[in-house]
Amino acid sequence: MKSEIVATGLRTLRKKSGLSQRELAHILGFQSEIPVVRHERSQAIPNLLTALAYEVIFQAPISAQFRGLFESVEAAIEGRLAELEHILQQSDTRGRSAVLTARKLEFLNMRRESESNQQTK
Amino acid sequence: MKLRVYDPKIIAIHLRHRRFGYAVYEGHRGLLDWGVRVYPAIGEEEVSMASKRLSSLLTLHSPSVMILNQERWDLAQTNQHMRALVEMTKCEAIAHSVQIRLLGDSKVRESFRHMDCETRSEIAGALGRIFPELASYVPPKRRAWQAEHPRMIVFDAIALGLTHWHHPSAELLSPSDELTPNYS
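Described below are features of the structure shown in this document.

### Some thoughts on the overall build of chain B
In terms of regular secondary structure, chain B is built from six helices and five strands. Across the 184 residues that make up chain B, the buried fraction comes to 33%. Taking the intrachain contacts of chain B between residues at least 6 apart in sequence as the baseline, contacts between residues at least 24 apart amount to 66%.

### Regarding the interface of chain A and chain B
On the side of chain B, nine residues touch chain A, which itself brings 12 residues to the contact. Ranked by the residues each element gives to the side of chain A that touches chain B, the list is headed by helix H1 (residues 9-17) of chain A, at four residues. Of the residues that constitute the side of chain A that touches chain B, the class distribution is four nonpolar, two polar and six charged.

### Observations concerning the sheet that holds strand S5 (residues 99-103) of chain B
Residue and element names in this part refer to chain B. The strand order across the open sheet built from five strands is S3-S2-S1-S4-S5, with neighbouring strands paired in mixed fashion. Of all strands in the sheet, those with a lone pairing partner are strand S3 (31-38) and S5, marking the two edges. When the angles between neighbouring strand axes are averaged without regard to direction, this sheet yields 20°. Pairing between strand S2 (residues 19-26) and S3: seven bridges, direction antiparallel. Bridge assignment links Phe 20 to a residue of S3, and that residue is Arg 37.

The rules behind each value
- Residues numbered from 1 in each chain as written.
- Chains lettered and ligands numbered in written order.
- Predicted model: local features only at pLDDT ≥ 70, side-chain atom pairs only at ≥ 80, totals over all residues.
- Helix = DSSP H or I, 4+ residues; strand = E, 2+ residues; numbered from the N terminus.
- Buried ≥ 20, exposed ≤ 12 C-beta atoms within 10 Å, placed from the backbone.
- Contact = placed C-beta atoms within 7 Å.
- Nonpolar A, V, L, I, M, F, W, Y, C, P; charged D, E, K, R; others polar.
- Pairing = 2+ DSSP bridges.
- Axes fitted to C-alpha atoms, helices over the stretch in contact; angles between N-to-C directions.

Next up, the structure:
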């Protein structure tokens with residue numbers, strides 16, 4: 001995937017660790033440092049295994065290492081969740097499906113409350 | 001949508017002939033990136049290479065403010081070579097919507113005086129203590145017969161950036177401001 005060039009937290013973590021791009025690539029099992037360069041500049045998104053490897057190496061959550069990417073994913077998901085909630089609230093269901101709808105709405109509500117609690121902390 | 005507030009991002013640039021040192025901060029304790037960019041050419045090619053190096057950095061980090069050394073800026077009045085580099089820096093600042101702030105060496109020294117630092121070498125040592133990740137890069141003390149260590153320019157930029165947080169009230173220049181002589 002090719003996208004806008006933006007520095008990720010990965011670059012800062014690597015520089016703070018003193019590791020070179022080549023050394024990091026070697027730890028990850030890459031033949032050259034090019035994938036690391038691309039991940040640092042957000043020019044490529046690492047696959048799940050590589051992202052987990054970054055988390056293991058730097059002991060920092062992936063969301064902190066790829067903050068911009070995390071925020072754009074978060075914004076898209078929050079938007080779709082709000083859309084779903086609106087649809088569920090508007091739906092006119094009865095019987096068993098009404099119970100299921102209520103359960104989904106309760107989950108969305110609980111999710112929002114825990115999120116606001118985290119923000120106040 | 002969650003509202004997150006981050007510290008403003010700044011980039012400190014220490015311009016020299018054929019190379020510049022840079023440091024990127026997010027808040028006064030958040031040193032994100034640092035290093036040197038070299039442009040080993042002469043004349044117009046040097047300016048063109050420097051422009052590419054600076055542009056890639058500004059694209060990568062998207063800072064809101066660029067900190068430059070006042071003395072280097074003033075040198076552009078008399079030195080045609082430096083004037084071309086300063087003009088290039090201004091053009092890049094305009095292109096990336098970055099405001100420019102000038103800080104003099106006196107302000108940098110003032111910021112580090114409480115740590116008993118007067119010389120650039122002492123300031124570099126102090127930066128190594130403030131940011132442990134830099135400790136292994138602190139240049140050794142220069143002897144009178146030795147040339148300046150190549151890494152010193154990075155520490156100049158890091159010190160310049162840190163000074164920005166110590167003197168937050170100084171005014172920002174619009175990149176389109178004309179070069180004006182400073183006789184103070």
